[in-house]
Amino acid sequence: MDFALTRSEEALRADVRAFLRDALPAGEERDDGWIVGFSREFSRALGARGWIGYTWPRRYGGHEGSYLERLIITEELLRAGAPVGAHWLADRQIGPALLAYGSEEQRAEILPGIARGELVFCIGMSEPNAGSDLASLRTRAVEAGDFFVIDGHKIWTTNAHTADYCYLVARTDPAAPKHKGVSEFLVDMRTPGITVRPIVDMAGEHHFNEIFFEDVRVDRRCLVGQQNRGWYQIVSQLDYERSGIERLLSNLRVFEAARARARESGLTRDPLWRDRLAAIETRQAIGRWLIYRVAWLLTQGVVPNKESALTKAYATELEQDVAELAGQIFGMESLCGRIARAITFAPSYTIMGGTSTILRNIIALRGLGLPA
């Protein structure tokens, strides 16, 4: 089997690298650039190149490129530590969700702005008592004529403090079974009744937030897809969220630094340390091909449900091992700086986007066909 990219795909990779050499601001490189790297200016520059919404129809500002080409672009951005957080959620999840379930009015209004790198989205899913068990959410949206009135509380909401819109999940039928009474909404963050409070994580960074909704009135046209069918829409959206190369490259630059330190300090003369470093590199190569396989499946029109679950579980557990290895190599130096940040943030990798336990359930049920 030939795993080589085509000439046009290799040319695209070279084009992205050349762009980054000129456009990436000095000092803006970040580990986990898709989470904590935020620059509206950089996102607009990417939008001007047509690299946001890359696979979308041209009439919505897209490029109509392939999923594999999109993966090449995102891989190069993350390897370089580019600050892509301003458009990341909108490009990865909101656009595909609107293309699949949104109205023509919603697509025409929202997608071109995302593709230009002008709109920042947050996603209102998790709640204090409904994180992994999302279907237990309590935020409610009550019909009131041409409006829905939203009341509730969301937590761990990335970029809510800078977002233009929230893609909100709320309960619209409290009497229905918990998976059947949920709907999705586009909510303008300037709407009265919305309060955002910061959450500073263990690494001392602020990207998470709480959002409180009090009598927030949103027009009925902000409903995405079918009322009370939101759960089934969410499940397909998570397949896009879980399988991206960001799940593998969050700690790549940390590993490269640790490997360089191991060589400088002479650790690599020890066969045990050489084996540990080689094992990480081997697992990274495997994870990369798992992710490229998902992109290939998408080009074939296959929804990569079990494949996405497997890829995320594999890659995020590897990311945690990278942080641990880096801490051991840097020793006391890992008490502060980028290594300390990697260590303290590492537990989140196997929580956000679906815990490893839930992902293994998906693999068992939908991949192996085991009984529930």
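To be clear, the structure that these remarks concern was listed above.
Just so it is clear, the structure is predicted and the values come from calculations on it, not from any experiment.

*Asks:* Explain the pattern of salt bridges to me, and be specific about the residues and the numbers.
*Replies:* In this structure the tally under the stated criterion is 29 salt bridges. The partner of glutamate 75 in a salt bridge is arginine 13, with the nearest N and O atoms 3.2 Å apart. Placement of glutamate 75 in helix H4 (residues 67–79) and of arginine 13 in helix H1 (residues 7–23) is noted, with a sequence separation of 62 residues between them. Using a relative accessible area of 1% as the deciding quantity, one classes glutamate 75 as buried. The closest approach of N and O atoms between aspartate 31 and arginine 253, which form a salt bridge, is 3.2 Å. Here aspartate 31, found in the loop between H1 and helix H2 (33–36), pairs with arginine 253, found in helix H9 (residues 252–265); they are 222 residues apart in sequence, far enough to count as distant.

*Asks:* So, helix H6 (residues 104–115): which residues are in play, and what are the values?
*Replies:* The end-to-end C-alpha separation of H6 is 16 Å, in line with the 16 Å expected for twelve residues at 1.5 Å each. When we look at burial in H6, the residues that qualify are Gln106, Arg107, Ile110, Leu111, Pro112, Gly113, Ile114 and Ala115. Considering only its buried residues, H6 is in contact with helix H3 (40–48), helix H5 (85–101), strand E1 (121–124), strand E4 (165–171), strand E5 (182–188) and strand E8 (223–224). Remark: glycine 117 follows H6 within two positions and exhibits a positive phi of approximately 75°.

*Asks:* Any chance you could break down the layout of surface pockets for me, citing the residues and the numbers?
*Replies:* Quantified by volume, the largest pocket comes out at close to 1200 Å³. Forming the walls of the largest pocket are 47 residues, and the residues nearest its centre are Ser126, Ile351, Met352, Gly353 and Gly354. For the lining of the largest pocket, the secondary-structure elements that each account for two or more residues are H2, H5, strand E7 (206–219), helix H7 (230–242), helix H12 (337–345) and helix H13 (356–367). Considering every element that reaches the lining of the largest pocket, the biggest residue donor is H7, with six residues. A per-class count over the lining of the largest pocket returns 23 nonpolar, 15 polar and nine charged.

So, how was this worked out
Residues numbered from 1 in each chain as written. Predicted model: local features only at pLDDT ≥ 70, side-chain atom pairs only at ≥ 80, totals over all residues. Heavy atoms only, no water. Salt bridge = Lys/Arg side-chain N within 4 Å of Asp/Glu carboxyl O. Helix = DSSP H or I, 4+ residues; strand = E, 2+ residues; numbered from the N terminus. Buried < 20%, exposed > 50% of the residue type's maximum accessible area, 1.4 Å probe, protein only. Expected span 1.5 Å × (residues − 1). Contact = heavy atoms within 4.5 Å. 1 Å grid on protein atoms, 1.4 Å probe; cavity = no way out; pocket = protein on both sides within 12 Å on 5 of 7 lines; lining within 4 Å. Points joined across faces, edges and corners; volume = space filled by probe spheres on them. Nonpolar A, V, L, I, M, F, W, Y, C, P; charged D, E, K, R; others polar.

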